Each structure stands twice: as C-alpha cells, then as structure tokens.
Amino acid sequence: MPQDEEANEQSHLLEAPTGLHERRGSRRVDELRHEDAASIISSHLSKEEQALGGSYIGERLPYNDYTTIDWLHDLIKDSYRYRNLRANKSFKSRAFAAWDSCQGWVAASLIGIFTAIVAFFVDITEATISDYKLGYCSSNIFLTREACCTKRMPFPRIQDSVGENCTKWIWWSGDYWIKFAIYVALAVLYGNPQEGSLRGDKNPAVGKSMYMSSGSGIPEIKTILSGFVIPHFLDFKVLVAKAVGSTFAVATGMCLGKEGPFVHISTSVGYLVAKKFPKYEENGRKMREMLSVACSSGLSVAFGAPIGGVLFSYEEISTYFPRKVLWRAFLCSLFAAVVLKALNPTGTGKLVLFETNYGVNYEPIHYLVFIFLGIAGGLFGGVFCRANFLWSKTFRKYPIISNHPVFELALVVFVTALLQYPNPLTREPGDIIIKQLLVSCEKPGGSWICIQEALEDKSRYYGWLFYGTTVKLILTVVTFGCKVPSGIIIPALDAGALFGRLVGQLVPGISPGIFAMVGAAAFLAGISRMTVSLAVIMFELTGEVDYIPPFMIAILVAKWVADGLSSEGVYDLAQTVLGHPFLDPDHALKIVRDEGSSVEELIPPAQTMREITVDVGSECKVSRSLLATKLAQLKARGLMDAGLVLVDSDNYLHGYLAEGELDFAIHEPGVLKDGEPVNLLSGPLSAFVDRTPMTISAKAPMEYAVEMFARLGLRHLIITDETNGKVVGVIIKKRLVLYLEGLKH
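Residues numbered from 1 in each chain as written. Predicted model: local features only at pLDDT ≥ 70, side-chain atom pairs only at ≥ 80, totals over all residues. Heavy atoms only, no water.

Draft legend 1. Structural detail: the overall build of the chain. Looking only at helices and strands, the chain has 30 helices and 12 strands in total. The proportion of buried residues among the 745 residues of the chain is 54%. With the model as given, the accessible surface of the chain reaches about 33000 Å², and the carbon-plus-sulfur share is 60%. (Helix = DSSP H or I, 4+ residues; strand = E, 2+ residues; numbered from the N terminus. Buried < 20%, exposed > 50% of the residue type's maximum accessible area, 1.4 Å probe, protein only. Areas by Shrake-Rupley, 256 points an atom, 1.4 Å probe, with all protein chains shown as cover.)

Draft legend 2. Examining the state of the cysteines more closely. What the rule picks out here adds up to 1 disulfide. Two residues share a disulfide in this structure: Cys441 and Cys450, whose sulfurs sit 2.0 Å from each other. The sign of the -90° torsion about the S-S bond sets the Cys441-Cys450 disulfide as left-handed. For Cys441, a relative accessible area of 26% gives the class partly exposed. Overall, the relative accessible area of 10% leaves Cys450 in the buried class. Distance from the sulfur of Cys332, which forms no disulfide, to the nearest cysteine sulfur (Cys295) is 9.4 Å. (Disulfide = S-S within 2.5 Å.)

Draft legend 3. Region of the structure containing helix H9 (residues 259–274). Here H9 spans 23 Å end to end across 16 residues, near enough to the 22 Å set by a 1.5 Å rise per residue. Buried residues dominate H9, accounting for 14 of its 16 residues. (Expected span 1.5 Å × (residues − 1).)

Draft legend 4. Local environment of the packing of aromatic side chains. Considering all chains together, one arrives at 29 aromatic pairs under this definition. Ring geometry for Phe120 against Phe121: centres 5.3 Å apart, planes inclined by 70°, an arrangement best described as edge-to-face. Assessed through its relative accessible area of 3%, Phe120 is described here as buried. Assessed through its relative accessible area of 47%, Phe121 is described here as partly exposed. Their ring planes at 45° and their centres at 5.7 Å tell us that Tyr176 and Tyr421 sit as a pair that is tilted. Note that Tyr176 is positioned in helix H6 (residues 176–190) and Tyr421 in the loop between helix H16 (405–420) and helix H17 (430–437), a separation of 245 residues in sequence. With relative accessibility at 32%, the residue Tyr176 sits in the partly exposed group. One aromatic cluster in this structure is built from Tyr176, Trp177, Phe180, Tyr183 and Tyr421. (Phe/Tyr/Trp six-rings, centres within 6.5 Å; stacked < 30°, edge-to-face > 60°.)

Draft legend 5. The pairing of strand E11 (residues 716–720), seen in detail. The buried fraction of E11 is high, at 5 of 5 residues. Residues His716, Ile718 and Thr720 line one face of E11 and the alternating positions Leu717 and Ile719 line the opposite face, and both faces are buried. With 3 bridges joining them, strand E10 (residues 695–697) and E11 adopt parallel strand pairing. Residue pairing for E11: Thr695 is matched across the bridge by Ile718. Read from E10 through helix H29 (residues 702–712) to E11, the crossover connection turns out right-handed. Looking at chain direction, E11 and strand E12 (residues 727–732) are connected through 5 bridges and run antiparallel. Bridge pairing in E12 places Leu717 opposite Ile731. Turn length for the E11-E12 hairpin, with the two strands adjacent in sequence and antiparallel, is 6 residues, and the turn residue Gly725 shows positive phi of about 80°. (Pairing = 2+ DSSP bridges. Right-handed = clockwise from strand over helix to strand, strands pointing away.)

Draft legend 6. Main features of the sheet that holds strand E8 (residues 653–658). Across the sheet, which stays open at both edges, the 3 strands sit in the order E5-E7-E8 with mixed pairing between neighbours. Looking at which strands have only one partner, the edges of the open sheet turn out to be strand E5 (613–615) and E8. Strand-to-strand twist across the sheet, computed as the mean angle between neighbouring axes with direction ignored, equals 25°. Looking at chain direction, E5 and strand E7 (residues 643–647) are connected through 3 bridges and run parallel. Residue pairing for E7: Thr613 is matched across the bridge by Val645. Lying over the sheet, helix H28 (residues 659–667) contacts E7 and E8, oriented at roughly 75° with respect to E8. (Axes fitted to C-alpha atoms, helices over the stretch in contact; angles between N-to-C directions. Contact = heavy atoms within 4.5 Å.)

Draft legend 7. Fine view of the side chain of Ser686. Relative to the helices and strands, Ser686 is located in the loop between strand E9 (678–679) and E10. Residue contacts for Ser686: discarding those within four places in its chain leaves Asn679, Leu680, Leu681 and Arg691.

Draft legend 8. Inspection of unusual backbone geometry at higher detail. A positive phi angle, close to 55°, is found at Asn344, a residue other than glycine. The residue Asn344 is located in the loop between helix H13 (323–343) and helix H14 (366–393) in this model. For Asn344, a relative accessible area of 2% translates into the label buried. Of note, the phi angle at Cys620 is positive, near 55°, even though the residue is not glycine. Take Cys620: it is sitting in the loop between E5 and strand E6 (621–622). Residue classification places Cys620 among the buried residues on the basis of a relative accessible area of 11%.

Draft legend 9. Structural view of the sheet that holds E10. In spatial order, the strands read E10-E11-E12; together these 3 strands make up an open sheet with mixed pairing. Taken across any chain shown, the strands that pair with only one partner, and hence form the sheet edges, are E10 and E12. Going from strand to strand, the sheet's axes swing by 30° on average, the running direction of each strand aside.

Draft legend 10. Looking closely at the confidence of the model for the chain. Here the chain averages 82 in pLDDT, while 86% of its residues score no lower than 70. Scored below 50 in pLDDT, residues 1–29 makes 6 contacts in the model with residues more than four places away or belonging to other chains. In the model, residues 200–207 has pLDDT below 50 throughout and makes 14 contacts with residues more than four positions away in sequence or in other chains. (pLDDT = per-residue confidence, 0-100.)

Draft legend 11. The arrangement of the nonpolar core in detail. Formed by 111 residues in total, the largest nonpolar core has its most connected members in Phe303 and Leu493. Top element by residues in this core is helix H21 (residues 512–528). It accounts for 12 residues. If sequence neighbours within four positions are ignored, Phe303 has contacts with Glu259, Leu351, Leu353, Ile489, Ile490, Leu493, Ile537 and Leu541. Judged by nonpolar contacts, the second largest core, of 32 residues, contains Met609, Ala642, Val647 and Leu662. (Core = buried A, V, L, I, M, F, W, Y, C linked by side-chain atoms within 4.5 Å.)

Draft legend 12. A nonpolar patch on the surface, seen in detail. A cluster of nonpolar residues, Tyr398, Ile400, Phe407, Leu411, Phe414, Val415, Leu418 and Leu419, forms a patch on the protein surface that exposes about 690 Å² of accessible area. At 6 residues, H16 tops the list of elements feeding residues into the nonpolar patch. Within the secondary structure, Phe414 is located in helix H16. Given the relative accessible area of 38%, Phe414 is considered partly exposed. (Patch = residues over 30% accessible without salt bridge, like charges linked within 9 Å, V, L, I, M, F, W, Y side chains within 5 Å. Salt bridge = Lys/Arg side-chain N within 4 Å of Asp/Glu carboxyl O.)

Draft legend 13. Focus on the environment of Ala119. Here Ala119 shows up in helix H4 (residues 91–131). Ala119 gets classed as buried once you look at its relative accessible area, which sits at 1%. When neighbours within four sequence positions are excluded, Ala119 is seen to be in contact with Phe262 and Val301.

Draft legend 14. Spatial organisation of the pairing of E8. Two elements, E7 and E8, share 5 bridges in a ladder whose sense is antiparallel. The partner of Val645 across the bridge, within E8, is Tyr656. In textbook terms, the turn of a hairpin is the stretch between consecutive antiparallel strands, and for E7 and E8 this stretch comprises 5 residues, one of which, Asn651, has a positive phi near 70°.

What follows is the structure, encoded as structure tokens:
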C-alpha cells in the first residue's frame, strides 16, 4: 500500500512474508495432532490419572495382568483426588466430600453382610448333602441329621432342646457293608466336578493353567495384597464356583475344610463391592486396602470369631495394614458376625461354633502336658509342610496327575472314604469331628466317645484315636494341593483334637476334651505358624476364656518347634509351588542377612542394559522405530512390568517409561506418527514418563533394596554409581524375588 494512502476498513492487509502461512499451518497441524493424541490417551485414563498429567510422576494406564502395581504412584494419585474433591467449598462439594469419607465404612458394612449370606447358604447346603452319605430325614429330606433329630433349625428360633433318640432319621441300610458302599459311592460322586468349572485362564506368556477356584485361595490373595495383579481371580463366576465347589468338596469327607475358601469368597465379595466405588476401582492401592478389610469377614463367618478374623487378616494375609484398615476390618467383621448369628445356620442361636463347659480347672502340673502338645503340634506341622511340599514336587509332576487333576481328585476321595469310614471318630465331616472330640464326659451323656471312655477296656478306643491321628496326617498331606476348593484349618484341628484326646486319656482328674482343644490349636499353629490370631480364634471358637494361657503355651511351643524343622508355613510353601512373585519382607531379610551382599549384584548384564536404556539426547527426542525395537526386546524377556530407563549421552537419569504405557503408545492408532521424532519432554508420550523414579547406590546393602520394595511398594528401582550418580542398572520387583528364591534354594 502506498505510504500516502490513508488506511481505512477497506484497505488491503499487508502481504505475509514468504513461507509464514506455511509455517503457521504446519504449527497448527502439529498442535491439532498433539491434541488428538492427548485426547486418545485421556480416553484410556481415569480422571485421577489425567490430573497427574502435568506432574513429574507421570500418568499410568490401568495395570496389565500379571504385573505389580506402583504403590507410591497410587498414593499420589489418591492425594490429587482428595485435594480436587475438597478444593471447592460449595455445599454440594462438601456433601460429596462427606460421602467420600463414608464410602469405606459403607463398603465394609456391605462386604460383611454379603459374606455372611453366602456363608449361610454354603453351611446349610454342605451339612445337608454331607449327611446324605449316611441316610436321610423322613420328615423333611432337606434337613441335616442334627436338624432332623434335635429340631435345631436355621434362622432366629430354636424349636426344641437336643434329643438323643431319633426315629425320623432313616439310614440307607442296616447292613454295615451296604452303608459303607453307599458312603464311598456318594463321596466319589460329590468329588467328581467338571474340570472346566475350576480352571481359569491360560496365560500364553508362560503356558500355565490357573485353577482359580482350587485350594484355599489364601496364597493367591496374599500375592494380590502384596501388589501383584492376578486377573479374574476375584470375579463373580469364581466366587460362585468357589462356593459350590467347597460345598461338595467338604461333603466328600476329604481332609479339607471350607474355612480357607471362605477367605477367598469374602475377598471376592469385597472386590465386587469395592468396584462399585470409583475411588477403589481406579486405584490399586486403595482397592487392596478394601480387600484386606474383606479378608477379616471370611474367618469371622467361618468360626464365629470376629476379633480373630481381624487379627488373621493382619497377621497372616495383609502386607499393608494401616490403622484405618484395622478399624474398617473391625466393622466388616462385626457386620458379618451379627448377620450370621441372625441367620443361625447351626440352629443353636449362638455364634460360638464349638461351645464347651468342662466345669474343671487345670493345675500347674498340666502345663507340662500343654508343652508336650505344643511339641507334638510343631513336629506334626514341620513334617506336614515338608511332606506336602515334596508330594507336590514329585507325585503331582507325573503326567497322568498333572494333566488329569480330576483323576487325582477321584483317587484321593476314594482312598479317603475307604480309610475314614471304618473309624467312628472320622466318619463325619471335619467340623462335626471336632465338636465330638471336645465333648465333656463329666456329665452322663449318650455320645459314642463318652460310652467308650466309660469302658474298662479302652484299648480299641485308643487304637481308633491313634489310627485317626495317623490317617489325618497322611490324607491331609496328599489332599492339600488338589484342584478343588479346600482349606487346611479344619484338618489340622481334627488331627490335633484326636491326638490331644488320646493324650488326655493318660492324665487323671481332668476332662480329656481340654487336651483335645489345646492339641487342636497346637497342630494348627505348627502347620500355619499363626500365633496371636489363632489364640483369639480358639477362645472365640470354644468360648473358653480361662484356657487362653494353655492355648498360648501350646501355640508358641508348636511354632518354635515347627520353625526349627521348616522355616516356612504351609501358605508360604504353597506360594513357592504356585510360583507367585510374593515378597515377604521378614523372610527376605533373613535370607539377605546371611549373605551380606550389596545392590550391585542385581545390576543386569551389559547387553540387557543396552536393550532397556534409551539415550534421549539433549532435546529428549527419539525415533518411533527405536521405541518399537526397544519394546520388542522388552516383550522378548516376558516380564510384562519392566520398562525403559531414559538417560542422556552422559548416562545421567532423565526418567522411566513403563512397558505397558510404551506398548499402548506404539500400537494405539493416532498417538505416534511414523517418521516423526517422539518428544519425551513435551509430546504425547511425555505424560507417561516418570521423571522422579526412586534410585539407590550400587554399593548400598541389599537390605536397603528389600526394605524399599517391601515397605514402599516400589515397582522399579534405578541403580546409580556411588561416585558420579550415573545410571548403572535397574531392579524390578520380579527380578528381586527371583534373586531371593535363588539364594533360598
């Protein structure tokens, strides 16, 4: 435009310099592409994760299957959620904040209620079909033998007192051998489920089938609570399979109990309830808090022991158990106990499962007997743990057993029925056996045990007690680990009660039932290594508060003796057999304390470091093809929760990019474009980069690494040179667990 021309609204605009439109258009295209990529990433993230996008710790996708969670990341994620929720001071926001604070208590209450309902149906169904092996009730075929003979019915009312003579119960036959044959046939029928009902997914990465509903589920739950992700293990269909499977498994008469499966059932209930609350569903750390709460209700309904259930979750199951989890577990266990008492599955109207009233007290001399029972329980537990571990490593490795678990189950059921039916003491289900063995014969009664103990010649009775103890030990060794829902608590209590009753015959002036009760606690302590929780469970189970000192003596002695024979309890050995990456801080510290090693022993080989390290240069830009190559190398290692260490040309740390997020960025259309450099500082992938990874010196003691992984819940730990701070290695949790397993064996 000429200089003397007056500018007005119709004047032409100045012509843009050459190339300006092209540069503006290119920059706008880049901005749009970046926005599209960010939108794609956001669609896969929770709101809490999106809030972390501007922080230095990076965002995380939902955890992949068979990986470990990042406890510290989830802690910060919940802190962001907490602050955002309370940032607005309006009435509506404060109401939402109040509801948020109550969600944990509401969830705990619901978990307790639903767990008690499931346990009620399992209890009454198992008791009914178990008695079908002996006969049926003529007045109502759906009643158990006890309900038929005593009219002890579920729900609040109790119609009549206990009666000894029963004409309504019809035995299948008057002939012993016909009853024996029917007993064995029905036991085998109950123990012949379809294999597919127990089998879970087959992980193609390792080619291993997981039977989600088999076993007690406690080793897997301990692994989950330690931060490992086992997919579908707590799903609704697994809960149903576990409940139905444990009902029929216990009804077979095998040496197993439903108390362990109840812990799995309660944890599944907790998972399903917690998923309805977003703050638990979208945060792995908080979800595990609620799962720890749910575990307490499992033992609460199994034994009518609400306090024992809370302590069991704290002592035996949970890795992370802060005070708020303790309080909510207390509430959850309370609701479970209250609802179960109202439903009254035993028909007694009481929460105590094996109520006793011996009417006599023990003398100081009897402490020697309690110590002897503790020694016997420790020997039983140590021998059992070693024998069961060897049985799992040898017999179950035969192809005919490992490939056909239903055949193994049918074989065990058949042998169990053949060995247990001839003995009047072991013919009934496990919980009935304990109830009979704890009976006091001070008052006249019609029980078979009291009749035998009133005889002059008790040699045959002693033989049945010894035979029952031996058979229980052998059958429990071969049964625990079968692909069927099963627990170890009741069989251990049975064996201890049989042995304690036998020892009690030699002690005059006191009821043998007392020693059966203490022996049961000692044998279970020897197998499981439980202490405080077991003592509380036993006095809640029997109602005998005066016998807490004998319980404590026998339990401690049993634990000491069993630890001398085998340092690991049955659940620890089961985790070793299953191969789960569980990090027990106490056991791990014992292992590394003997070695005196340093962290530099965990530095990967040079070739591995070249594959998992990325030089981002001065501009923090790398090619997409390089990232794709690195991803392929990570997948070839099969660890699934490894990642890339980002360094500069001098090998100084710039951040960490997890494998799951890298895999998503590479394969999700629209996130990264071929041929264009990937900006790890400000591009779409930068949101996934953790710029604050934890580090440790290569010369640090190994105890440092163990404590950091166990107490902080780390997913990875970067090793740096002690002199200049340069990156020399990286540790992931699975690698540490593998290293510790190698030292142990």
